Every structure is written in C-alpha cells, then in structure tokens.
Amino acid sequence: MTDLLSLAIWTPIAAGLLALATGSDRNAALARGIALLGAFLGFGVTIPLYLGFNTTSHALQFVEYRPWISAFDIAYYLGVDGISVLFVLLNSLITVFVVLAGWRAIQSRVAQYNAAFLIMSGLMNGIFCAQDGMLFYVFFEASLIPLYLIIGVWGGPNRVYAAIKFFLYTLVGSLLLLLAIIYLYLKSGAFLIAEIPAEFETTHRAITWKALPLSIQEQAWIFFAFLIAFAVKVPMFPVHTWLPDAHVEAPTGGSVVLAAIALKLGAYGFLRFSLPVTPDAAHEYAWLLIALSLIAVIYIGLVALVQADMKKLVAYSSIAHMGFVTLGFFMFSALGIEGALVQMISHGFVSAAMFLCIGVLYDRTHTRQIADYGGVVNTMPKFAAFFMLFAMANAGLPATSGFVGEFMVILAAVQFNFWIAMAAASTLIIGAAYTLWMYKRVIFGAIASERVRALADISAREFCILTLLALAVLGMGLYPKPFTDVMHTSVDELLRHAAQSKIPQTPQIPQIP
Amino acid sequence: MLDSIPSFFQDFDATALNLMLSAPEIFLLVMSCVILLVDLAVKSPRRTTTFALTQITLAGAFVLIFFVMRPRSLEETGVYAFGGMFVNDMLSYALKALVYFTVIVTLFYSRRYLHERQAMCRGEYFVLALLATLGMSVMISAHHFLPLYLGLEIMSLSLYAMVAMNRNSVAATEAAMKYFILGAIGSGMLLYGMSMVYGATESLFISEIGERLRILSVLDISSNPDTVLALGLVFIVAAIAFKLGAVPFHMWIPDVYHGAPTATTLFIATAPKLAGFAIMLRLLADAMPVLSVDWQSMLMVLAVLSIAVGNLVAIMQTNIKRMLAYSAISHIGFMLIGMASTDTLSFGDAYASTMFYVVTYVFTTLAAFGIILLFARAGFEADELAHYKGLNQRHPWFAAMMMIVMLSMAGIPFFVGFFAKFYVLKTAVMAGYYWLAAVAVLFSLIGAFYYLRVIKYMYFDTAGEEEAVARVESGFFVKALVSANALGIALLGIFPDFLLRLSRTSALSILLLQ
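So, how was this worked out
Residues numbered from 1 in each chain as written. Chains lettered and ligands numbered in written order. Predicted model: local features only at pLDDT ≥ 70, side-chain atom pairs only at ≥ 80, totals over all residues. Heavy atoms only, no water. Helix = DSSP H or I, 4+ residues; strand = E, 2+ residues; numbered from the N terminus. Rg over C-alpha atoms; globule rule 2.2 N^0.38 Å. Buried < 20%, exposed > 50% of the residue type's maximum accessible area, 1.4 Å probe, protein only. Contact = heavy atoms within 4.5 Å. Areas by Shrake-Rupley, 256 points an atom, 1.4 Å probe, with all protein chains shown as cover. Lys, Arg positive; Asp, Glu negative; His and termini not counted. Charge placed at Lys NZ, Arg CZ, Asp CG, Glu CD. Phe/Tyr/Trp six-rings, centres within 6.5 Å; stacked < 30°, edge-to-face > 60°. Lys NZ or Arg CZ within 6 Å of the ring centre and 35° of its normal. Salt bridge = Lys/Arg side-chain N within 4 Å of Asp/Glu carboxyl O. Core = buried A, V, L, I, M, F, W, Y, C linked by side-chain atoms within 4.5 Å. Buried area = accessible area lost by both parts, 1.4 Å probe. Polar contact = N/O pair within 3.5 Å; in protein donor to acceptor, adjacent residues only side chain to side chain. Expected span 1.5 Å × (residues − 1). Axes fitted to C-alpha atoms, helices over the stretch in contact; angles between N-to-C directions. Parallel < 35°, antiparallel > 145°, perpendicular 65-115°, else oblique. Left-handed = near helix turned anticlockwise from the far one by under 90°. Nonpolar A, V, L, I, M, F, W, Y, C, P; charged D, E, K, R; others polar. pLDDT = per-residue confidence, 0-100. Pairing = 2+ DSSP bridges.

Q: Can you break down the overall build of chain A residue by residue, with the values?
A: Across its full length, chain A holds 22 helices and 2 strands. For 513 residues, the compact-globule formula gives about 24 Å, and the C-alpha radius of gyration of chain A, at 22 Å, lands near that figure. Principal-axis analysis of the C-alpha atoms places the extent of chain A at approximately 75 × 55 × 40 Å. Going through the 513 residues of chain A one by one, you find that 66% of them count as buried. For chain A, restricting intrachain contacts to residue pairs at least 6 apart in sequence, the fraction spanning at least 24 positions comes to 80%. Split by element, the accessible area of chain A, about 17000 Å² in all, is 68% carbon and sulfur. Distance between charge centres in chain A, computed from 26 positive and 26 negative side chains, equals 11 Å.

Encoded structure:
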C-alpha cells in the first residue's frame with residue numbers, strides 16, 4: 001500500500017520491457033495485448049492515489065524514502081502533493097488512450113512502439129513523484145529518449161530533423177538545470193526538494209532547497225537556469241520552435257503524449273522549483289514571464305490562425321494555451337495558480353482529443369492539410385460531432401473544461417492588472433477564430449474530394465476513446481470542484497512559501513552540513 | 001642546500017627488495033616468455049593454445065593482486081618494493097585489476113577478428129598484448145621516474161608493433177609509423193621534463209620529489225620561480241597530454257584509431273587510458289602537489305581545447321572509429337576537468353572524479369568497439385557509420401546495446417556516463433570553476449548530436465543497397481559478453497555506488513602516501 005508511487009512508475013516500465021521481449025512483428029498482437037494490459041494496470045494503481053488522497057493536508061503523501069547513491073547523498077525519495085497527484089493520474093490515463101490509438105495505425109515494430117510509450121509513461125510519473133532533485137533530473141532527462149525514438153522511428157517524412165531538434169533543444173535546458181542542481185547540492189548538502197517526513201530514519205538531515213537561504217544574485221542565476229530549462233519544455237516564446245516540428249512529424253500517439261504530458265513537465269517544474277526555491281527572483285522577474293506569456297497567447301495565437309496543417313495549428317494553439325498557464329503562475333495568486341493547473345489538466349484532455357481526432361482523419365486519408373478536406377460531416381457525422389465538442393473546448397467555450405481554467409486565470413489577471421487581463425482575454429477571440437475556422441474548413445462545405453467521399457465513420461474503438469475524453473472534458477467543465485479541491489491546500493502552501501523572502505538577513509555564509 | 005634536507009629513506013627500509021609485492025608483474029613477464037616459446041609448437045591457425053594461455057596468465061595476474069594485497073591495506077598507506085621504486089597502494093591494486101580485466105575482455109572481443117585476418121593471428125600478437133599489459137602494470141605501480149618511463153616504453157613499443165601487425169594494410173602501416181614517431185616525441189618530452197625536475201630536486205623518487213618540493217616551498221624559494229622546475233613541469237604535462245591525446249597533442253589519435261586494425265584500436269582505446277591516468281596522478285598529484293596551481297591551469301587549457309575540438313570535429317566524421325577517436329579526445333578533456341579542479345577542499349574529489357570518469361569511459365569504449373568487432377568479418381570492417389543503417393531491423397538486440405553505449409557517452413541518465421559527467425562537473429563547481437563547468441556543459445550538448453546521429457542511423461534509417469552489417473558470426477559467449485558489457489553500463493548507472501567508493505578510496509590512497 002505504501003509503495004503506490006513506485007508501482008505507478010515501475011508497472012508501466014516493466015510492462016514495456018515485457019512487450020519489448022515479444023520481439024518481431026509476428027507477435028504484434030501479443031505485444032499490443034501486453035501493452036494495453038500494462039497501461040490499464042498502470043492506470044489502475046494510480047486510482048488509489050486519488051481516492052486515498054487527503055485533500056486537507058499540504059504535506060507530501062504516499063512518501064517513499066530510500067538512500068540511492070549515498071556517495072552523492074542522492075535518495076530515492078518519492079511523494080505527491082495536491083499539485084502533482086493529478087498529473088500522475090492524467091499521465092497514466094493518457095497512456096491507455098495512446099496504446100489504443102496506435103492499435104491499427106502502427107503496423108511496423110509494434111513491440112518497440114508500445115514499449116517506448118509505456119516506458120515513457122513510467123518515467124513521466126517518476127518526474128511528477130520525485131522529491132529528490134537528482135531523481136527528478138534523471139527522470140526528466142531519461143524521458144527524452146523514448147520520445148526521441150518515437151518521433152524518429154514512427155514519424156513523418158521530416159522526422160529525423162524534428163527528432164534531433166526536439167532532443168537538442170530540450171537538452172540545452174536540462175544541462176543548465178543540471179548546473180543549477182549541482183550548485184544547490186553543494187550549497188545545501190543534499191538534493192532534498194522537500195522535507196523528509198519524520199518517520200524515515202536518515203543519518204543526516206540536510207537543509208531542503210525550499211528552506212535554503214540564497215542571496216538575490218544567486219537566486220537570479222538559478223532562476224534563469226531553471227527558466228531556460230522549463231521554458232524550452234513548456235515551450236514559451238521564443239524557444240517554442242521545436243514543438244510544431246515535433247508535433248507535425250510525430251505519430252498520433254507521440255503528439256498526444258507530447259501535448260498532454262510532456263508540455264506539462266515544464267510548467268510543473270516552475271511550480272516545483274522556480275517558485276519555492278527562488279521566490280525573490282521569481283517576484284523580481286515576474287514581469288518578464290508575464291510578458292512572454294502574453295506574447296505566447298496573442299502572437300502565437302495569430303500564428304496558429306494561418307497554419308495550413310491541422311497538427312501544426314493545434315501545436316501552436318498548445319503553445320498559446322501554455323502561455324495561459326505560465327501567466328497564471330506568475331501573478332502569485334491562488335486563483336491564478338489554480339486556474340493554471342486546471343488549464344494544464346484540461347489542455348491534457350483537449351489537446352489529446354484534438355490530436356486523436358486529427359489522427360482519425362490522417363489514418364484514413366494520410367494527409368493533414370486543411371485544404372485537402374471539406375464536407376467531412378457528410379461522410380463521418382459521428383466523428384464531426386465529437387470533433388465539434390473538442391474544438392469548442394479548445395476555443396474555451398463555457399461548460400467545457402477549456403473554459404474553467406482560462407476564466408480563472410483571466411479573473412486573477414483582472415485582480416492583478418486590468419490591461420494584462422485585457423490582453424489575455426483576447427485569446428477567447430483568437431482561440432475561437434483559429435479553431436472554429438479550421439473546423440469549418442475541414443468539416444463543413446461540399447465534399448472536397450474522392451478521398452473525403454470514401455471516408456468511413458469512426459470505429460467502435462475510436463468511439464470509446466473519444467467518448468471517454470468527451471466525458472472528461474464535459475465533466476471537468478461542468479463540475480471542476482473535484483479537481484480544484486485536491487490542489488487547493490497545496491497551492492495555498494506554495495503561495496505562502498513563495499511570499500517569504502529567502503535572502504539571508506545577516507550577511508553570513510550558510511553552513512554546509 | 002638540498003643536502004641538508006633529511007632523506008626520505010629514513011622512513012622505511014630502503015634496502016628491502018620486497019620482490020613478492022610485484023608478483024603479478026613477474027608472473028606476466030615470465031609467462032609472456034613462456035608463451036612466446038610455446039607458440040612455436042602451436043600448429044593450429046586459430047592459436048587456441050596461445051590464446052588460452054594468454055587469458056589464463058591475465059586471469060592469474062588478476063588473482064595474484066589479491067594475494068599481494070595486504071588485508072588491511074584499504075586504509076593503509078602504500079607498501080614499497082624495489083627500494084621505494086615500486087609502490088602498491090589502493091590505487092595500484094584497483095587500476096591493475098581493472099587493466100587486467102579490460103585486457104581479458106579485449107582479447108575475447110578480438111579473437112574472431114584476428115582469426116579472420118591471418119597476418120595478425122600469430123603468437124606474437126598475444127605476447128605483445130601481455131607485454132603491453134606488463135608495461136601498464138609497471139606504470140601504475142611506479143614510484144620512481146625510471147620504472148615509470150620503462151613501463152611507458154614497454155607499453156608503447158608493444159602497441160606500435162600491434163598496430164603494424166597487419167602488414168598488408170597500408171593504413172595500418174601508416175598509423176603505426178605516425179604513432180611511433182609522435183609517441184617517441186612524447187616520450188622524449190617526458191624524459192626531458194623528468195631530467196629538469198631531477199635537476200631542481202636532485203631526486204628521481206616520486207615521494208622524495210614531493211617532500212623536497214614541499215620543503216622548498218616552505219623555505220620560500222618558490223617565491224623566486226624556479227625556471228628549471230617550471231620548464232620541467234611544462235614538459236611533463238605536455239608529455240602526459242601527448243600520451244592521453246589531449247588537444248593540441250591529439251593529432252595521432254584519429255589516424256591511429258582509424259588506421260589500426262579494430263582489435264588493436266580497441267586495445268589502445270581502453271586499458272592504456274587507465275595507465276595514462278595512473279602516471280598523471282603519480283607525476284602531478286603525487287610528485288608535485290605543491291605546484292598544483294601551475295599544472296592545474298595548464299590542464300584547464302588542455303581540457304577546454306580537447307572538449308571543444310573533440311566534440312566539434314567528431315560531428316563531421318563518417319567513419320565510426322574516427323568518430324570514436326574524436327569522442328575519446330573530448331572525454332579526455334572531461335577527465336582533465338576533474339583533474340584540474342583541485343582546490344584545497346576538493347583534492348580527493350578531483351582525483352576520484354577523474355578516476356571514475358576514466359573507468360566508466362573504458363567500460364563504455366569496450367562495449368562500443370566490442371559491438372563493432374561483432375559485426376566485422378573477413379574482408380569487412382563494419383567501421384563506416386553508414387554500415388549501421390537500419391541495424392534495428394536486423395539486430396534489434398545489438399542496436400539497443402549500441403544505443404545504450406551512445407547514450408552513456410552522451411551523458412544521458414540512467415547510464416553511467418551521466419554520473420561520470422555529473423561527478424566531474426560537481427568537482428568543478430565545488431572548486432569554484434563555474435565557467436569551466438559551463439563550457440563543458442555547452443560542448444557536451446554539441447557532443448550529444450553525433451551520438452544521437454548513430455542512433456539515427458540504427459533506428460531511423462533503413463538499409464539501402466550499399467554494404468551493411470549482416471549476420472553476427474561470433475559465438476554465444478562473446479555475444480553474451482558484449483551484451484553484459486553494455487547492460488553493465490546501464491546497471492552501473494543505476495547503482496554507481498560501488499564504483500564511486502572504489503574511486504574515492506583509490507584517490508585517497510594517493511593523498512595518504514605523502
């Protein structure tokens with residue numbers, strides 16, 4: 001019972017290795033079966049995390065602590081709070097969809113494909129659970145490998161370029177993160193992000209990074225190292241250019257994971273590292289983050305408007321939506337951060353659904369160009385209905401999950417500064433414009449070509465996936481309380497912590513234990 | 001003036017020969033002579049008897065280390081033999097054991113390759129390998145300039161011959177020539193430097209030099225910089241850089257790696273790095289810690305240049321052996337960062353991180369060349385990157401193994417290469433060299449590109465019409481050994497504690513010697 005987080009991490013990885021062992025494509029059916037079973041099991045073990053989560057406490061829960069590399073004081077230290085627990089669930093759930101989405105579309109090297117996704121799912125859970133800085137980093141960087149392979153092996157014609165660009169871009173950030181982590185390690189004597197609960201016996205009790213006093217210069221350096229690492233991952237303007245390439249070339253499953261989970265890692269990093277470890281620098285440079293976020297919301301939104309490729313359009317819309325998330329974080333209000341978190345989860349569902357819908361079309365026609373479509377509603381009415389719902393959610397229509405997060409962030413922005421709120425609110429227009437215009441061109445009108453005429457409506461498998469996502473999108477839009485309840489206490493604690501200055505009052509050197 | 005300094009030999013029995021302490025070396029020497037004779041009677045073209053005897057000898061030397069090792073010597077300072085010329089401390093036990101182990105694995109990997117090239121499959125190849133191992137062993141234990149130089153020459157001369165073994169190959173002959181000439185220059189510089197240090201300290205004993213330099217610095221003679229000493233140091237550092245292959249003394253590395261038969265390349269690329277690390281430690285850290293400020297800054301320049309040149313030039317290579325040569329240069333640069341980050345707080349960490357880096361580098365390189373050797377066959381070297389196109393479709397298992405090796409070299413976790421880089425960077429930051437760490441990180445990013453490119457060839461491309469790696473003809477044992485080697489890299493990455501502790505204890509033994 002206590003090792004639930006380890007199970008959440010290692011179950012998918014073990015299943016992935018098992019699927020890998022089935023070998024060649026002769027056993028493709030077996031590999032798919034094992035992968036699906038593994039994905040379901042992986043999701044199954046995360047459900048008790050939600051059910052057993054104590055929403056009144058801001059402390060870490062389901063904590064595991066074991067020394068790992070004692071020579072460097074690195075520990076295998078896992079735990080979740082109200083901020084991270086939902087992402088573990090989201091990630092495990094999305095993995096099930098991803099395995100299902102590749103059921104028919106992937107016919108070559110099936111075992112490797114499924115293994116890559118399952119292993120990645122485990123590694124991502126590791127990122128969200130890690131409370132040791134080095135453990136976090138190890139998972140953070142290791143998760144690049146499967147995604148690199150997924151894009152490069154099963155991707156589109158320009159996949160090599162996209163895969164290498166993706167890898168190198170994110171590596172730049174993570175190497176700077178590594179330097180910051182090393183600095184914090186030498187300063188604090190350990191990699192503890194959070195306090196070790198008292199029930200675990202350890203030989204040394206080093207100071208946690210949250211409590212570590214740092215001068216404003218140190219904070220600034222560390223803050224910018226974190227910023228580059230996480231901004232690339234989010235991605236924020238102007239380091240976002242890898243994302244459209246990666247999305248366009250990745251197979252459907254890859255795009256889904258990329259949008260639904262991988263982008264959240266950067267934003268999560270801001271909450272886990274930037275705000276608590278360098279609060280003074282975060283306040284000092286909040287203006288920069290807010291400005292970049294607004295550029296993402298408005299400028300990238302306009303860029304999305306002119307895209308001719310559906311996947312690229314959704315990729316740019318993802319960047320714009322993530323701009324909302326970072327905007328929410330750096331206004332330092334509970335409403336803003338909660339709104340941003342809701343937006344992250346909602347975007348996990350909505351973008352996954354959008355990419356799955358595009359995947360449905362692509363599997364049938366092998367084109368993603370908007371111009372190749374038209375009149376799809378005549379041949380695929382059921383699909384058109386689902387696509388409509390998700391497009392509306394992407395545009396932020398009330399009663400869908402997309403609305404809740406955006407609304408909360410805009411409310412927080414109004415409290416913060418009216419003009420920022422005004423600029424942010426423009427997304428409601430731009431977002432609606434690019435999403436609905438694309439929807440109109442693809443779905444409505446006369447049947448554009450023979451290919452569209454030959455389209456078959458969605459299969460039972462696709463129907464199941466889209467129904468589940470539709471329920472999630474609507475459910476979260478109509479009744480977001482189960483989500484906000486979980487995060488509320490932890491967000492308050494985070495804000496309380498981020499409001500305290502960490503600059504040492506007397507000019508003394510902090511002791512290295 | 002130096003006569004007034006009390007002799008270092010008052011501390012221990014200078015006349016003691018303690019021959020038994022060098023039992024592994026003596027065993028190696030005797031057996032290499034025996035094998036040379038026995039080989040005359042071996043008729044089989046596979047040289048099975050010679051091969052088996054060689055491996056048994058190495059294994060025997062490996063076991064002898066544990067007999068020589070004093071039970072309590074983990075924390076103890078070194079024990080001396082040959083009147084102080086030869087030292088056995090934790091560092092030498094560990095490095096010798098690693099060298100013997102590495103050579104055993106190397107020879108297993110090379111066996112089929114040698115057999116398929118009859119010019120190379122002679123008894124002499126194995127004898128030369130043993131002699132080179134003997135040389136490394138002597139280098140590791142040497143505590144006097146003379147045995148140190150002798151060991152270096154035994155190793156180098158054997159290696160030159162091993163490169164030239166394939167007489168029919170023009171490239172190999174050229175590589176041997178180049179290696180020999182540049183190696184001779186390196187050795188000459190070392191001798192020159194040693195003679196100058198001798199001139200300044202009037203001693204060839206490493207411990208004594210350390211002692212005298214310390215006294216000289218206390219007497220404040222060093223405030224008037226001793227030109228002879230400084231020049232000697234420069235030559236010694238340059239010679240070490242030559243032997244390790246640090247930029248700007250790296251010219252021989254790409255040509256020798258590329259031109260030499262792959263089996264020999266594997267030999268040169270692995271165990272001699274351990275011995276090179278040993279002499280660097282003995283000459284700089286052991287003999288001249290007082291001058292650390294001076295050699296530290298020289299090493300820093302070498303390190304930055306090596307990382308930059310190695311990583312940048314590797315990008316343009318199409319031959320995998322040449323690419324690994326440039327990658328070796330950049331890894332040497334990383335190693336030197338560890339060595340250069342000696343600050344009063346972090347002496348132990350600096351040496352330990354360097355040792356950890358070298359050892360993981362040797363393991364990783366073993367696996368990399370092991371895989372190349374698996375795919376080589378008669379008339380086909382499997383050394384172009386393009387040969388590995390679409391490897392994943394034909395040999396998914398070995399493609400995965402190669403991927404592990406490449407990711408480890410690039411420094412991606414969970415592979416041990418990551419912790420090696422982490423330890424070195426940590427030491428640099430600890431010593432306050434933030435810029436050095438930043439430069440290293442920047443270039444390792446560039447380095448990641450060409451490692452990723454290998455993965456791209458294996459996984460993203462499909463094999464075309466051109467010649468490509470086909471079936472693996474090696475036996476099950478070698479395949480299992482290569483796999484264990486590669487998986488070991490992953491395993492060491494998850495549980496690096498043992499190797500870390502070993503590196504620390506060994507590095508500390510150097511400090512205890514003084």
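Q: I'd like a description of the overall build of chain B, backed by residues and values.
A: Counting its secondary structure elements, chain B contains 20 helices and 2 strands. A globule of 514 residues ought to have a C-alpha radius of gyration of about 24 Å, and chain B, at 22 Å, matches this closely. Overall, the C-alpha framework of chain B stretches about 75 × 55 × 40 Å when taken along its three principal axes. Sorting the 514 residues of chain B into buried and exposed places 65% on the buried side. Partitioning the intrachain contacts of chain B with sequence separation of at least 6 by distance along the chain shows that 83% fall at a separation of at least 24. Between the averaged position of the 30 positive side-chain charges in chain B and that of its 31 negative side-chain charges there is a distance of 11 Å.

Q: So what about the packing of aromatic side chains? Which residues, and what values?
A: One pair of aromatic rings is described through two measures. These are the centre distance and the angle between the planes. Residue and element names in this part refer to chain B. All told, the structure shown has 60 aromatic pairs over all chains when counted by the stated rule. Ring centres 5.7 Å apart and planes at 75° place the aromatic pair Phe51 and Phe108 in the edge-to-face group. Linking Phe51 in helix α2 (residues 48–68) with Phe108 in helix α3 (residues 90–116), this pair joins segments that are 57 residues apart in sequence. Between Arg111 and the ring centre of Phe51, over which it is positioned, the NZ or CZ distance is 4.5 Å.

Q: Could you give an account of the pattern of salt bridges, with specific residues and numbers?
A: Taken as a whole and assessed by the stated rule, the structure comprises 25 salt bridges over all chains. A salt bridge links Glu462 of chain A to Arg364 of chain A; the shortest N-O distance between them is 2.9 Å. Here Glu462 of chain A, found in helix α21 (residues 460–478), pairs with Arg364 of chain A, found in helix α14 (residues 334–365); they are 98 residues apart in sequence, far enough to count as distant. For Arg364 of chain A, a relative accessible area of 27% corresponds to the partly exposed category. Here Glu25 of chain B makes a salt bridge to Lys96 of chain B, at a shortest N to O gap of 2.8 Å. Taken together, the positions of Glu25 of chain B in helix α1 (residues 23–41) and Lys96 of chain B in helix α3 put the pair 71 residues apart, joining distant regions of the chain. For Glu25 of chain B, a relative accessible area of 5% gives the class buried. Owing to a relative accessible area of 3%, Lys96 of chain B belongs among the buried residues under this scheme. Each of Arg112, Glu116, Arg117 and Glu381 of chain B takes part in a single network of salt bridges with overlapping partners.

Q: Give a description of the nonpolar core that names residues and reports values.
A: Of all hydrophobic cores here, the largest spans 409 residues; its most connected members are Phe330 and Phe390 of chain A. Counting residues per element, this core draws most heavily on helix α14 (residues 347–375) of chain B, at 20 residues. The residues contacting Phe390 of chain A, other than those within four sequence positions of it, are Val350, Ala353, Met354, Cys357, Leu466, Leu469, Ala470 and Val473 of chain A. With 11 residues, the next largest nonpolar core counts Val63, Leu192, Ala194 and Ile196 of chain A among its residues.

Q: Give a detailed account of unusual backbone geometry, specifying residues and quantitative values.
A: In this structure, Pro248 of chain B follows Val247 of chain B across a cis peptide bond, with omega equal to 5°. Within the secondary structure, Pro248 of chain B sits in the loop between α8 (227–244) and α9 (252–259). A cis amide bond links Pro413 of chain B with the next residue in sequence, Phe414 of chain B, at an omega value of -5°. Examined against the element boundaries, Phe414 of chain B turns out to sit in the loop between α16 (396–410) and α17 (416–430). A positive phi angle, near 55°, is found at Phe62 of chain A, a position not held by glycine. Note that Phe62 of chain A resides in strand β1 (residues 61–69). Given the relative accessible area of 17%, Phe62 of chain A is considered buried. The backbone phi angle of Arg109 of chain A is positive, close to 50°, even though this residue is not glycine. With respect to the element layout, Arg109 of chain A can be found in the loop between α3 (85–105) and α4 (110–129).

Q: How would you summarise the interface of chain B and chain A if you had to cite specific residues and measurements?
A: Counting from both sides, the interface comprises 38 residues of chain B and, opposite them, 36 residues of chain A. Across the chain B to chain A interface the summed buried area is about 3300 Å²; carbon plus sulfur atoms make up 81%. When the buried surface of chain B facing chain A is broken down by residue, Phe414, Phe422 and Phe460 of chain B rank first, second and third, together holding 22% of it. Put simply, chain B and chain A have 0 salt bridges between them. Where chain B touches chain A, the interface holds 7 residue pairs in polar contact (both at pLDDT 80 or more). Counting residues per element, the side of chain B that touches chain A draws most heavily on helix α18 (residues 434–460) of chain B, which supplies 13 residues.

Q: I'd like to hear about helix α19 (residues 427–443) of chain A, residue by residue, with values.
A: All names here are of chain A. Counted at 1.5 Å a residue, the expected span for α19 with its 17 residues is 24 Å, and the 23 Å between its end C-alpha atoms agrees. Among the residues of α19, those classed as buried are Thr427, Ile430, Gly431, Ala432, Tyr434, Thr435, Met438, Tyr439, Val442 and Ile443. Just downstream of α19, Gly445 is the residue with a positive phi angle, here 90°.

Q: Before we move on, can you summarise the environment of Leu171 of chain A with the specific residues and values?
A: Its location among the elements puts Leu171 of chain A in helix α7 (residues 159–188). Spatially, the C-alpha atoms of Leu171 of chain A and Val257 of chain A are 18 Å apart, while their sequence positions differ by 86 residues. Residues within four places of Leu171 of chain A in sequence aside, it is in contact with Glu141 and Leu144 of chain A together with Ile412, Leu445 and Ala448 of chain B.

Q: Describe the packing of α2 of chain B against α3 of chain B, naming the residues involved and giving the relevant values.
A: Residue and element names in this part refer to chain B. Between α2 and α3, the shortest axis-to-axis distance is 9 Å and the interhelical angle comes to 165°. Compared by their axis directions, α2 and α3 come out roughly antiparallel. The crossing of α2 and α3 is left-handed. Residues Thr48, Phe51, Thr54, Gln55, Leu58, Ala59, Ala61, Phe62, Ile65 and Val68 of α2 pack against Tyr93, Lys96, Ala97, Tyr100, Phe101, Val103, Ile104, Leu107, Phe108 and Arg111 of α3. Of the residues that constitute the contact of α2 with α3, the class distribution is 15 nonpolar, 3 polar and 2 charged.

Q: Summarise the confidence of the model for chain A; cite the residues concerned and give the values.
A: This prediction gives chain A a mean pLDDT of 86; 97% of its residues lie at or above 70. No element of chain A has a lower mean pLDDT than helix α20 (residues 450–453) of chain A, at 81, and none a higher one than helix α5 (residues 133–142) of chain A, at 91.

Q: Residues and numbers for the pairing of β1 of chain A, please.
A: Residue and element names in this part refer to chain A. The buried fraction of β1 amounts to 7 of the 9 residues, a majority that puts the element mostly inside the structure. Across 6 bridges, β1 lies against strand β2 (residues 74–80) in antiparallel orientation. If you follow Gln61 over to β2, its bridge partner there is Val80.

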